[in-house]
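Summary of the model geometry
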Amino acid sequence: MSYVDEVFARVVAQNPAQPEFHQAVQEVLNSLRIVIERNEEAYRRDALLERLTTPERQILFRVPWVDDKGQVQVNNGYRVQFNGAIGPYKGGLRFHPSVNLGVIKFLGFEQVFKNSLTGLPIGGGKGGSDFDPKGKSDREIMAFCQSFMNELYKHIGQDVDVPAGDIGVGAREIGYLFGQYKRLRNAYEAGVLTGKGLSYGGSLARKQATGYGLLYMTEELLRWNGKELFGKTVAVSGAGNVAIYAIEKAWQLGAKPVTCSDSSGWIYDPDGIDVALLKDVKEVRRARLTAYAEARPNAEYHPGKGVWTAKCDIALPCATQNELLLDDAKALVANGCFAVLEGANMPTSLDATEYLQSNGVLFCPGKASNAGGVATSALEMSQNSERLSWSFEEVDAKLKGIMVNIFHNMDDAARQYGMEGNYVAGANIAGFLKVADAMIAQGIV
Ligand code: NDP
Ligand code: 2IT
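Overview of the structure. Note that the structure is predicted; figures quoted are calculated from it, not measured.

1. Some words on the sheet that holds strand 7 (residues 256-257)
Reading across from one edge, 7-6-11-12-13 is the order of the five strands in this open sheet, with parallel pairing throughout. Each end of this open sheet is capped by a strand with a single partner; those strands are strand 7 and strand 13 (362-364). Across two bridges, strand 6 (residues 233-236) lies against strand 7 in parallel orientation. Following the sheet pairing, Val234 is matched in strand 7 by Pro257.

Take a look at the structure:
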């Protein structure tokens, strides 16, 4: 059996009932085959792939909190510090009822390669809880965040592990988490969390960064393939942080975003998505997309799944993992879609990815196309270290430069290993080589 197959079998055997983690590892190891084969003996002797697929540390904890009725609630808390070879662990916190250890491990594993691709000195980690913020009062959110931090603070620090937001964690949650960290440590350590509010150490353009970065990547990838974004119809899924700012930047670059979705249904707006209205519904009122449809008579609201049946040139999945499956890929191809770039983490299943690629669709994996969020988090850490704030324009220009750079590193890596245009392989290989080099240089740790 090849070394890659051996390690994959080991991952499946040692991590039962964690299908998302298996899926993320399978995708990466498959694209590394050719790289590993060239140096198999040394990698095998150093157990490099076993170390790469085993988190350095996994922290599981109880999060008790009191709800508004005086009832005590208990949730599970997680922080997985996956790989610290190139910098302090870095990655978001997800609060969603679907969170379990396997989900956090898949996200932490992806983060290792993504953070490497940014070119910035950040290792990979991820955390979160099965806590559901939906329908909770601000008081309950604060109580939960404070209890979560009562344990997490022991394991993080600006040079140790730097959490940020993800699904269900935005500026409100980061604020409560930061306040509690500061109180427990009795020190103002701004760089311990990113995605902070602008009044207490946050970076301009961090809120927009993932969505904007996705569109900078889209523009560069299309340009390099002799196409252009201007004038194209774009289907976006999700209606959260990533989706909103992807839609905003799509408009700014001359494209027309016509869809968005949440876990209840999806919107098709023939006039293009009204960003101001979407922000009001989701960021201010924290309401459902039915409220968007009520305010926009021309828009169609469809309950349930189905956003990928909308006719589009470019699809940007920005909600969650495994939201674009084989049948969705078939519908996209049948409708003439020619590019899919992932804003979410692992939104496309492996068979859907293969279908898209083999039907000539340009496909960019999330670890490259959504890296603008974490890259700008690293820029926030830099600003915190020098106790300065950069202008929106400065951060945005750096973000754009980073996305263009990621595109070319991934494109070059794919070409160098004979897989031109296969950006899944290119991103995995380019991300891996830097981490592997740092791991080898630092010995068996
Ligand atoms: P938000 O919580 O702001 O928004 C998430 C959106 O996705 C909501 O519209 C939500 O709908 C929908 N969604 C979440 N879970 C599901 C589900 N199980 N089924 C259907 N819809 C779902 O999160 P973000 O926008 O921050 O994150 C979206 C994706 O982008 C995630 O995969 C995240 O890991 C990834 N990402 C985020 C980055 C960031 O900087 N925030 C950076 C890089 C990647 P509803 O409100 O109904 O739950
Ligand atoms: O998936 C991700 O890259 C994020 N949720 C952002 C992580 C970060 O540290 O900004």
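2. What to know about the sheet that holds strand 5 (residues 161-164)
The five strands are arranged 1-2-4-3-5 in an open sheet whose pairing can be described as mixed. Each having just a single partner strand, strand 1 (57-66) and strand 5 make up the two edges of the open sheet. Averaged over all adjacent pairs, the angle separating strand axes in this sheet is 20°, with direction ignored. Of the strand pairs in this sheet, strand 1 and strand 2 (residues 72-83) are connected by ten bridges, and their pairing is antiparallel.

3. Structural notes on the site of ligand 2
Looking at ligand 2, there are 14 residues lining it, with Lys90, Lys114, Lys126, Asp166 and Ser377 nearest. At 2.7 Å, a side-chain N or O of Lys114 approaches an oxygen atom of ligand 2. A distance of 2.6 Å separates an oxygen atom of ligand 2 from a polar atom in the side chain of Ser377. Coverage of ligand 2 by the protein amounts to 94% of the 300 Å² it exposes when considered alone. Going through the elements one at a time, strand 3 (89-95), helix 5 (101-117) and helix 15 (371-386) are the ones with two or more residues in the shell around ligand 2. By residue class, the composition of the shell around ligand 2 is two nonpolar, seven polar and five charged.

4. Quick word on the packing of aromatic side chains
A full pass over the atoms with the stated rule returns 19 aromatic pairs. Between Phe144 and Phe148, the aromatic rings sit 5.8 Å apart at their centres with planes inclined by 35°, giving tilted as the arrangement. With a gap of four residues between them, Phe144 and Phe148 both fall in helix 6 (residues 138-152), about one helical turn apart. Both residues of the pair, Phe144 and Phe148, belong to the buried class.

5. Considering the site of ligand 1
Around ligand 1 there are 25 residues in total, and Asp166, Thr210, Ser263, Arg288 and Asn345 lie nearest to it. Measuring from an oxygen atom of ligand 1, one finds a backbone N or O atom of Gly168 at 2.9 Å. At 2.8 Å, a side-chain N or O of Thr210 approaches an oxygen atom of ligand 1. Summarising the interface, the protein chains cover 84% of the accessible area of ligand 1, which totals 880 Å² for the free molecule.

6. Some remarks on the pattern of salt bridges
Counted according to the given criterion, the structure contains 23 salt bridges. Among the salt bridges present, the one from Lys367 reaches Glu110, with a minimum N-O distance of 3.3 Å. Here Glu110 lies in helix 5 and Lys367 lies in helix 14 (residues 366-369), a separation of 257 residues in the sequence. Residue Glu110 is classed as buried on the basis of its relative accessible area, which comes to 4%. Put simply, Asp166 and Lys126 hold a salt bridge, and the shortest N to O gap is 3.0 Å. Residue Asp166 is located in the loop between strand 5 and helix 7 (171-185), and its partner Lys126 is located in strand 4 (residues 123-129); the two are separated by 40 residues in the primary sequence. Here Asp166 and Lys126 have matching classes, each one buried. It is possible to trace a salt-bridge network through shared partners that takes in Glu6, Glu40 and Arg44.

7. Re the state of the cysteines
All told, the structure shown has zero disulfides when counted by the stated rule. Of all cysteine sulfurs, the one in Cys260 lies closest to Cys318, which takes part in no disulfide; the gap is 11 Å. For Cys318, a relative accessible area of 7% puts it in the buried group.

8. Considerations on unusual backbone geometry
Even without a glycine there, the phi angle at Ala17 is positive, about 60°. Examined against the element boundaries, Ala17 turns out to sit in the loop between helix 1 (3-14) and helix 2 (19-37). Look at Ala17 and you get exposed, because its relative accessible area is 77%.

Thresholds, definitions, all that
- Residues numbered from 1 in each chain as written.
- Chains lettered and ligands numbered in written order.
- Predicted model: local features only at pLDDT ≥ 70, side-chain atom pairs only at ≥ 80, totals over all residues.
- Heavy atoms only, no water.
- Pairing = 2+ DSSP bridges.
- Helix = DSSP H or I, 4+ residues; strand = E, 2+ residues; numbered from the N terminus.
- Axes fitted to C-alpha atoms, helices over the stretch in contact; angles between N-to-C directions.
- Near = heavy atom within 4 Å.
- Polar contact = N/O pair within 3.5 Å; in protein donor to acceptor, adjacent residues only side chain to side chain.
- Areas by Shrake-Rupley, 256 points an atom, 1.4 Å probe, with all protein chains shown as cover.
- Nonpolar A, V, L, I, M, F, W, Y, C, P; charged D, E, K, R; others polar.
- Phe/Tyr/Trp six-rings, centres within 6.5 Å; stacked < 30°, edge-to-face > 60°.
- Buried < 20%, exposed > 50% of the residue type's maximum accessible area, 1.4 Å probe, protein only.
- Salt bridge = Lys/Arg side-chain N within 4 Å of Asp/Glu carboxyl O.
- Disulfide = S-S within 2.5 Å.

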